[in-house]
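# Descriptive structure summary
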Amino acid sequence: MKPIYKYTRNLSLSILLLATVVSCKKSFLEIVPKGRIIASKTTEYDLMLNNLDLINSNGDNHVVLGDEIAAVEPAWSAAGYRDRQIFKYEGDIYTQDEDAEETLAPLRALYIYNKIINEVMASSGGTEAAQKSIRGEAMAGRAWTYFFLVNYFGKPYNAATSATDLALPLITAADVTETKFERATVQQIYDLIISDLNTAISDVTNTGVVFRGRISKAAAKGLLAKVYMSMGKHAEALPLLNQSIAEIAGPGAAVSVALYNYNTALPGFPTTVNDTENLYSKSLANSASASSNRLFYLTPEAAALYDPADLRLAPTYYATQATPVTAAIPAGKMIRRIVTSNVTHFGVRLADLYLMRAEVKARLEDLPGAVADVEFLRKNRLPNAVGATAAKWPVPVQIATSKMPLIQFILQERIREFAAQGYRWYDMRRLSVDPLFEASTYTHKVYNTVTGLVTETYAFKPERWVFKFSPKIMGENAGLVNNP
Amino acid sequence: MNLNLHLRCGINRHALHKFLLIMKLVIMLLTTAILQVSAHTYAQKITLNRSNTPLEKVMKEIRTQSGYDFFYDLEFIKNTKPVTINLKNATIEQALEQSFAGQPLTYSIANKIVIIKERLITAAVPVLLDLRGTVLDESGNPLAGASVRVKGSTSSAQTNEGGEFSLLDLPANAVIVVTYVGYVPQEIKVSAQNAANMQIFMKAEVNSLTDINIVSNGYQTISKERSAGSFAKVDMNVVSNRTTSMNILQSLDGLVPGLVVNNAPNRSQLMIRGLSTTGGTTGVGTTSQPLYVVDGLAVPITNARDNFPDIILSINPQDVESITVLKDATAASIWGARAANGVIVITTKKGTFNSKLKINYNGFVNFQGKPNLDYQKLLNSRQYIDVAKEIMTPAYFAQFPYSTANTVTGGGITPLDYLYYNNGLNPTQAQLDALASFDNRQQIKDLFYRDAVLSNHTLSLNGGGDKYTFYGSGSYTNTVSSAPGEKNNNYKINVRQDFKFNNRLSVYLLTDITYNKSSAKRNLNIDYFNNPYQMFRDANGNNLSVPTMTGYSNDVLADASARARVSLDYNPLDEFNYGSTQADNLLARLNTGFKLNIVKGLRIEGTYGYIAGKNKNTDLEGIQSYLVRKEVASFAVAASPSIVPKYYLPTNGLSGGRLTNINGDQRKWDIRHQLIYDVTRDKHALTVLAGQEAQEQFSTFTQSRVRGFDPTLLTSATVDYATIAGLVTGVALPQLAGVGSNLINDSFGTAETTSRYTSYYGNLGYTYDRKYTLNLSWRNDQSNLFGKDKSAQNKPIYAIGTKWSIANEDFMKSVTWVRDLALRATYGITGNSPEAGIASSQDIIRPGSSAFFQNGIGTAIQTPGNPDLSWERTATTNIGLDFSVLNGRLSASVDLYSKKSTDLLGLIYPNSFTGFPLGITGNQGDITNKGIEVMLHSNNIRSQNFSWTTNWTFAYNKSKTVDISSFTQSTTGAGQIDAIAKLGYAAYPLFAYKYGGLDNSGAPQVILADGTVTTNPTITKAEDLLYMGTTQPVYNGGLSNNFQYKAFTLSANMVYNLGHVMRRTRNLSYSGVFRRNVSEDFLNRWKVPGDEAFTDIPAFRTTSSPAVENNYFEKGDINVVSASFVKLRDVTLFYDLPKSLVNRIQAQGISFRVQLSNVMLWTKNKYGIDPEFYGANYTSNQHTVTFGVNVSL
């Protein structure tokens, strides 16, 4: 029996010793990592709104779809596949494995916004008001993202068909493992946008612009007005525009928002958070307006919209010469090469607010109000009276007193202000369903810079009011119905 | 029992020698009471005059005078007669003969020991002897499991744990044969004199199988006989003599079946038994590297991006005692969640108890030469100019007009371009010829490269008494790289001490300190892809400015220089001295531990490790550095040269350069306690081990950068980062799209990571009757790798293994030609978890800073949460056979394995609608690896003066992706062409387009699955691609032959990797700016319609319309070639100086060696591609020569 006793003793001893050596504090693994964290505090969700993915986007294909854009040789022959396809209004613009510009950055932004919206209310260390304000900012950001996405993939808003027109999937959760996506209707997307913006308007703390990278009530209201305008709801847009402009310097405002007066100095290319014309910063890399661009020019028609004295034509922004240097642009054609910065600001901009309000007022028969708003902008863009030379900025009288010519003038002012910045395509879309306007026909032309002759012409195809989902997305989502 | 033992302490050569002998005799003490008398003097001759003196006293006297020890039983002395003796200058033999005359005792002398025994009474009848003995190794350690066989009889025995055996009723003069794996068999005649206490010292075979019987898994050293696991021990003779690199891992090539070593410089990938994770290939997630264990503790894997010294790289191969590769689950599962890729256990040397002091010097110089810059066959200057003339047509310049090239974003203008632009796009032939007359290759080779030399000197000492041993080494490594101006000196001290306090407690302490100091100048990293006509030094020896290398045109530089009032001259050879980088690394590895025997069979072991590493990097761009001047110009605002510029950065005039300091700091500690219960009773042998360990890895680095630094005054200037973080416009040399410049505050940066692990493990080994073995092991790992669900952590890892030692079965006793035969079967799970912060079930965010953020600080999603994420699990089944036949002439291990890795961690591609189509780390799918591994050792010829041994390793691996997540599948041809996994195919599959040749416009065509031939760039689907094979070797291994003739040894090691494929790098150009040299094949490209009949190489196109897909050619089936190769890795000739000569200078051995490395290459491709340098611009470290010497004292 002795051995058995011995073994038992040894075994007990082993267990005892083992228990002694292995007993270690449970908290050993519970350390707070540095540098990489899992968000839990309210302040961390606040920091999440400071993210370059939420500011920058690379989608500039819609810029090329605008009717103010022409292409020129010889760059046209050497142009890349996508530039050529999009300019020709072809739907297939991506090779098989490419990630679409229209979805890549915006959907990543949606992930971040959805995460904040779904989680911030359960975060620690913040008051409910602070949490709601952060959630409100994220909702406004989500609305902004969806607004551009619904314009990419859903038909222009038409109340009669919006409940059946397909847009893109409605994604409200941040989940990379989700694989089932079905397209929601245009109406569903707009409902979410409006609901998000209304929540934002009520929950965001700051009324005035505190920092251009962050949402204020003023910016959210301006954005909602823009959304209403694209739905044809001009009456709903007006009060929002009034409030937005009025509240820029409201409670919480910490940066000034004002138009640059080109008569005083050209602003050059301030970065998106330093551009005083921004209420809310969003920017995209726009290759059509980069100085390296040799392919896309303004059409002669668009160029003709400018008064020759228009300060926006300064050499800082436009070149009047083509390449090579020896081949001057044929006289009278007025094709201008765009040499702006390749960064386009397309967040909530003050010039846009004034032009939107001018258009809304004109539509609602407030013509003097409309003229005042458009002239407010033009005073900062065109020369004042110098000696005998009359000021160039007033709206011609015969236009100022007539509703439709005035609306047309304001729309042209939008081209003058935002040429080659992508704004035009959004305007073309909403006008296509606007009862005031007949369906327009648009063409894209390729010019030979030496002869000035049109060498190729492409007629607009109505199916190009929307982008097709890329082959990659279609490959990933078997049941998805693509746009034609 | 009356035990009386006197020992002398202190270390001198005699004493050490004596202790060794005493050790050998310790076993005898267990059965017989022996008195041992100490001696104090060592006279060889004995002078003695005594009468009627007790024998014991006489013996003491003889002992004193002779230095010989006496061993005897006190009982014997009782019956002896007094002695009368008269000796003068007598020998010991004479003295003993007189003393023992007529005594009932007999004696024998061995090794200065006189062993006294009772004289046996001879009988007339045949005497049957009972043989009892002990089998010991050279150091006197018992050898358990040695086979003792009686020649010509079936009678045999095996030694027990103590090395003891007994054979009863043997006839006198019987001959026993003692065999033990790895040792030279011995035949001994049994006699009455030696039967009672036979000590058999076995001599180790001098070959790779030395002490292969003991393997270490990092937690315990185990008798291989008692383990069912698949262990492979590396032949350290080959490893320590491989001298092309101080990286010990690179030296493992071809020595371990199933271990693939990529030996190309800067690519240290080791793979054991095929791919069981894909994370490592994509640079995220998990590593495909095995787990490295040094002296029992896992070391962190250091990435090149970490600013820390690498622990593995710091190990001096000369200090390594053994390397064991753990391959199957039973061997590796004790390492748990990090062992799925196998484990490499490195054990460094230690001293031996009771051994003499040994001093060893080993030094070598490895002459590596310059890289082979001619490896890729490119155009010479004449050809390049001729080709350029063909390409640079008016249409070409329409795309790249001067007005575009001559801008900040134009990319620079080469001298050749200028010839065109300055001459109306139509230079004369004479102008072109003038350019073509220059060829810079010789200058590149001479001015930017030098002969690389690696040298190492290691001096080591080791020795030990009965309570203390040590091994210490100091080494110096000088790495002279092929880049002029670089210095790299490595100094290292490594000391291991073992203390044995008593029978219960022993302690060790390992101190390993490495200091590395390196520096570099601004040597231009350039190869023959540069413009071949661009000289760097003129005929008069003046260094030339090469403005084209700045990427700016001359006008842009002149304008910026004038406006910023800063020289923007770029002279590559002058730049050499304008900056420097210094790095200081200090790495200390401290290990300590104890073993405490609590009661018999039960012991507790503690292991404690601490690693501290410091790294300091100082990078100075001097005042004259182009980089500094350019930075100044990029932030100097002046509309014209006449305006005094406004400088936003400190200028040359004020002070100087840019200093960047990076300080890295890493600490790691380990604590491990384990209990081991080890009992052998009758036929049962049981070892139970249970333990717990905790580990923390901490690393941090801090970077600071100042501008306007004056290296003499040590002052720096202030910079207004707040302003320049925004866009500064109107600058002389804009950085951003020709618009302006901006610079985010880079004056400070820091990062910090802490990883903690805690693990519990247990292990059981049971052997019955030396025949049947069972191994069980279990482990649970938890870590703070945050973001993982607790449930994902509690996945225990386990393994079960069995072994049948057939050779020990009774029915095998008669099969004398088989010495060892065992069958192993194991099954188990190992794991692999993602690195901290890489993959997670919750979103991991990291901070970011930008001028676009409120208060400058924001965050970004580092890794989106993946709730489905789980650890990678690899289930391995292994069946192995070990045998040794013909007296150990031929021994082999054969392993068959089947591995299934599930939930493979790697880059997966979530649905585009989730926002992360570019990939996240996740579970990709399942992959299987099946294979065969053979390790064969054969003593082909064994004679007195000549021997020839061969080691052959062979591995066959077949992998297959058996399941794949929907995230990972590519449906398009473009997506599939570079995919790393495809359902139903091998891991690392290589797909290719079916090349359809060129059409009549020189555009490459693809042949689709339905036979359509097209140039359409977007048409291919995944199913249109051809599977060409895998890029991982299917067959791999090595063959070593060692020939020894007298003092000469010739060793040749060959490695082979066969059965895989690779893409052929073509180095062509198809469109765009023609500025980079191209392959000679470019001469054969399509030029005019009709060329498609005899060339496959697509046209160079100046316009991109219509769109073409040159990948149809580049990644076409015609450009996939076999990657198989056999390389004679090294041939070494050793010469041992004759013993007589060596002894004259008091040395034990001196040997010289000459080694040729990477001597010969056989490949299956006909394009001269060395698959080890696939895709590289040049090869290096081939055909190197090493001279080495080894001196032991």
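Definitions and cut-offs
- Position numbers for residues start from 1 in each chain and track the written sequence from start to end.
- Throughout, the order in which chains and ligands are written sets their labels, letters from A for the former and numbers from 1 for the latter.
- Totals for whole chains, interfaces and linings use all residues, but because this is a predicted model, local features are given only for residues with pLDDT of at least 70 and pairs of side-chain atoms are given and counted only at 80 or more.
- Hydrogens and water molecules were not included; the side-chain quantities draw on all heavy atoms of the structure.
- Every residue is assigned a pLDDT by the predictor, reflecting its confidence on a scale from 0 to 100.
- The contact definition used throughout considers only heavy atoms, calling two residues in contact when any of these lie within 4.5 Å.
- Working definition: a ring pair exists when centres of Phe, Tyr or Trp rings (six-membered ring for Trp) sit within 6.5 Å. Plane angles under 30 degrees give stacked, over 60 give edge-to-face, the rest tilted.
- Numbering of helices and strands runs from the N terminus; a helix is a DSSP stretch of H or I covering at least four residues, while a strand is a stretch of E covering at least two.
- Using a 1.4 Å probe on the protein chains alone, a residue whose accessible area is under 20% of its type maximum counts as buried, one over 50% counts as exposed, and one in between counts as partly exposed.
- Think of it as a cone above the ring: NZ of Lys or CZ of Arg counts as a charge over the ring if it is within 6 Å of the ring centre and within 35 degrees of the ring normal.
- The span one expects for a helix is its residue count, reduced by one, times 1.5 Å.
- Each patch is built from residues lacking any salt bridge and having more than 30% relative accessible area; the joining distance is 9 Å for like charges and 5 Å for nonpolar side chains (Val, Leu, Ile, Met, Phe, Trp, Tyr).
- Exposure was quantified through the Shrake-Rupley algorithm and a 1.4 Å probe, taking into account, for residues, occlusion by the shown protein chains and nothing else.
- When a carboxyl oxygen of Asp or Glu is within 4 Å of a side-chain nitrogen of Lys or Arg, the pair counts as a salt bridge.
- Orientation is described by axes fitted as lines to C-alpha atoms, over the contacting stretch for helices, and by angles from 0 to 180 degrees between their N-to-C directions.
- An angle below 35 degrees is read as roughly parallel, one above 145 as roughly antiparallel, one from 65 to 115 as roughly perpendicular, and any other as oblique.
- Crossing handedness is read from the near helix: turned anticlockwise from the far helix by less than a right angle, it gives a left-handed crossing, and turned clockwise, a right-handed one.
- Any residue outside Ala, Val, Leu, Ile, Met, Phe, Trp, Tyr, Cys, Pro, Asp, Glu, Lys and Arg is labelled polar, Gly included; the first ten of those are nonpolar and the last four are charged.

### Let's talk about the confidence of the model for chain B
All names here are of chain B.
- Overall, the prediction assigns chain B a mean pLDDT of 83, with 89% of residues at 70 or greater.
- Every residue in residues 1–13 is under pLDDT 50, and counting partners more than four places away or in other chains gives 26 contacts.
- Across residues 18–43 the pLDDT falls below 50, and counting only partners more than four positions away or on other chains, this stretch makes 83 contacts in the model.
- For this predicted complex, the interface confidence score (ipTM) comes to 0.89, while the overall pTM stands at 0.75.

### Quick notes on the packing of aromatic side chains
Residue and element names in this part refer to chain B.
- If you walk through the whole model with that rule in mind, you get 58 aromatic pairs over all chains.
- When the centroid spacing of 4.6 Å and the interplanar angle of 65° are considered together, the rings of Tyr 219 and Tyr 761 count as edge-to-face. With Tyr 219 in the loop between β17 (214–216) and β18 (221–223) and Tyr 761 in strand β40 (residues 748–768), the pair connects residues that are 542 residues apart, well separated along the chain.
- On the accessibility criterion, Tyr 761 (3% relative accessible area) is buried.
- Judged by centre distance (5.6 Å) and plane angle (20°), the ring pair of Phe 1074 and Phe 1082 falls under stacked.
- In this structure Phe 1082 comes out as buried when scored by relative accessible area, which is 0%.
- In this structure, Arg 1064 is placed above the aromatic ring of Tyr 1167, and the distance from its NZ or CZ to the ring centre is 3.5 Å.
- Against the face of Phe 1082 rests Arg 1085, its NZ or CZ located 4.4 Å from the ring centre.

### Quick word on helix α7 (residues 101–119) of chain A
- Between its first and last C-alpha atoms α7(A) spans 28 Å; for 19 residues at 1.5 Å apiece the expected length is 27 Å, and the two agree.
- In terms of residue burial, α7(A) counts as a mostly covered element, since 16 of its 19 residues are buried.

### Re a nonpolar patch on the surface
Residues and elements named next belong to chain B.
- A contiguous nonpolar patch, built from Tyr 768, Tyr 772, Trp 804, Phe 811, Leu 823, Ile 879, Leu 896 and Ile 932 and spanning about 700 Å² of accessible area, is present on the exposed surface.
- As for its placement among the helices and strands, Leu 896 is situated in strand β47 (residues 890–902).
- The exposure class assigned to Leu 896 is partly exposed, which follows from its relative accessible area of 44%.

### Brief notes about the pattern of salt bridges
- Using the criterion set out here, one finds 78 salt bridges over all chains in the structure.
- Residues Asp498(B) and Arg496(B) are paired through a salt bridge, measuring 3.0 Å at the closest nitrogen-oxygen approach. Like Asp498(B), the residue Arg496(B) is buried in the burial classification.
- The closest approach of N and O atoms between Asp678(B) and Arg603(B), which form a salt bridge, is 3.8 Å. Pair noted here: Asp678(B) is in strand β35 (residues 657–681) and Arg603(B) is in strand β32 (residues 602–621), with a separation of 75 residues, a long-range link.
- Through salt bridges that share partners, Asp275(A), Glu277(A), Asp310(A), Arg312(A), Arg349(A), Arg378(A), Arg381(A), Glu413(A), Arg416(A) and Glu417(A) make up one connected network.

### Some thoughts on the packing of helix α10 (residues 217–230) of chain A against helix α11 (residues 234–246) of chain A
Residues and elements named next belong to chain A.
- The interhelical angle for the contact between α10 and α11, taken along N-to-C directions, is 160°, at an axis separation of 8 Å. By the angle class used here, α10 and α11 are roughly antiparallel. Like other packed secondary-structure pairs, α10 and α11 cross with a definite hand, here left-handed. Contacts between α10 and α11 involve Ala 218, Lys 221, Gly 222, Leu 224, Ala 225, Tyr 228 and Met 229 on the former and, on the latter, His 234, Glu 236, Ala 237, Leu 240, Leu 241, Gln 243 and Ser 244.
- Among the residues making up the contact of α10 with α11, the classes are represented as 8 nonpolar, 4 polar and 2 charged.

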